[in-house]
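Examining the three-dimensional arrangement
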Amino acid sequence: MSVRVLPCAVILPLVLSGLPALASPAIQPGGWKVKTVVTARETPASPARTVSEMNTQVCFTPAFLARDPYLTPGIDRDKMEKQGARCSISDAARSEASASWKMSCTMADGNSVEMQINNTVAPRRLRSEIQQLVHKGGQDVQIRITMDSVYAGACTKDMLQL
């Protein structure tokens, strides 16, 4: 299976959701620079290759951060389920500045994905790492998504508002 044919429903909801779950009191509201790197390997023995790199800027509003979006499992599950997936969460662990959990989803098309999500936060820095095993058409693809974010100051008009 080619990595290029992976459904956007697997990767993009997590990337566009403002990064999957961490802790709002520790995070500074305002503008953030986010670097996202997606790598994939088609077999455990094959080398990982970069599928995409993206730099974006987002505005984390106090209202968004009040929902505790980076340390609470389930926000990303809700986004997947809105696209027809059935998901379950297990092995959730949380501390003041980090959270991790596993999430398994069966997509609307019958394909599935297993994820391990690890997030850490600080007032001006956050990191999210998602390890995915995508089962599609009898083949498995391993995908790793890392999002490194740093506080950039006040929000601007061109930033995506979350």
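The preceding data block contains the structure.
Residues numbered from 1 in each chain as written. Predicted model: local features only at pLDDT ≥ 70, side-chain atom pairs only at ≥ 80, totals over all residues. Heavy atoms only, no water.

**A look at the overall build of the protein chain**
How we decide: A helix here means a DSSP run of H or I that spans at least four residues, while a strand means a run of E at least two residues long, and both kinds are numbered starting from the N terminus. Residue burial is assigned from relative accessible area. The probe radius is 1.4 Å, only protein chains are included, and a residue is buried under 20% of its type maximum, exposed over 50%, and partly exposed in between. In what follows, residue pairs with any heavy atoms lying within 4.5 Å of each other are defined as contacts. Each accessible area is a Shrake-Rupley estimate made with a 1.4 Å probe; only the visible protein chains count as cover when residues are assessed.
Scanning the protein chain for helices and strands turns up three helices and eight strands. Sorting the 162 residues of the protein chain into buried and exposed places 43% on the buried side. The long-range fraction of contacts in the protein chain, counting pairs at least 24 apart against all pairs at least 6 apart in sequence, stands at 57%. When the accessible area of the protein chain is evaluated, it comes to approximately 8100 Å², of which 52% is carbon and sulfur surface.

**What about the pattern of salt bridges?**
We count it as follows: Any carboxyl oxygen of Asp or Glu within 4 Å of a side-chain nitrogen of Lys or Arg constitutes a salt bridge here.
Within the structure shown, the criterion is met by six salt bridges. Between glutamate 42 and arginine 49 there is a salt bridge, with its nearest N and O atoms 3.8 Å apart. Several salt bridges converge on common partners, so that one network encompasses Arg127, Glu129, Arg144 and Asp148.

**A few points about the state of the cysteines**
What counts is decided by this rule: We call a pair of cysteine sulfur atoms a disulfide when they lie within 2.5 Å.
According to the stated counting rule, one finds two disulfides in the structure shown. One disulfide bridge connects cysteine 59 with cysteine 155, the sulfur atoms lying 1.9 Å from each other. Handedness here is read from the sign of the S-S torsion; for cysteine 59 and cysteine 155, about 80°, the answer is right-handed. Of this pair, cysteine 59 sits in strand β2 (residues 49–60) while cysteine 155 sits in the loop between β7 (139–153) and β8 (160–161), and the two are 96 residues apart along the sequence.

**Some thoughts on the nonpolar core**
In a soluble, globular protein the nonpolar side chains are often hidden away together inside. Stated precisely, the cut-off is as follows: Nonpolar cores are built from buried Ala, Val, Leu, Ile, Met, Phe, Trp, Tyr and Cys residues. Side-chain atoms within 4.5 Å join them into one set.
Counting 30 residues, the largest nonpolar core has Ile27, Phe60, Met80, Met103, Cys105 and Met115 as its most contacted members. Within the residue set of this core, elements represented by two or more residues are β1 (30–41), β2, α2 (62–66), β4 (98–106), β5 (112–122), β6 (125–136) and β7.

**Observations regarding the pairing of β4**
Applicable threshold: Being paired, for any two strands, means DSSP has found at least two bridges between them.
In terms of strand pairing, strand β3 (residues 86–94) meets β4 through seven bridges, oriented antiparallel. Bridging from a neighbouring strand, cysteine 87 pairs with cysteine 105 of β4. Bridging between β4 and β5 involves nine bridges; their strand directions are antiparallel. Across the sheet, the residue bridging to cysteine 105 is valine 113, located in β5. Hairpin connection, β4 to β5: the antiparallel pair is bridged by five residues, and glycine 110 has positive phi, about 95°.

**Description of the side chain of serine 100**
Among the secondary structure elements, serine 100 is positioned in strand β4. Judged by relative accessible area, serine 100 falls into the buried class, the value being 17%.

**Focus: the sheet that holds β1**
Ordered in space as β3-β4-β5-β6-β7-β1-β2-β8, the eight strands form an open sheet in which the pairing is mixed. The outermost strands of the open sheet, each flanked by one partner alone, are β3 and β8. Relative to β7, β1 runs antiparallel, the two being bridged by 11 bridges. Its bridge partner being in β7, alanine 40 is matched across the sheet by isoleucine 143.

**Re the pairing of β6**
Judged from the 11 bridges that link them, β5 and β6 form a sheet pairing that is antiparallel. Paired with methionine 115 across the bridge in β6 is glutamine 132. Between β5 and β6, which pair antiparallel in sequence order, lie two residues. Bridge count for β6 against β7 is 12 bridges, and the pairing is antiparallel.

By themselves, these are just geometric observations and shouldn't be taken as functional.
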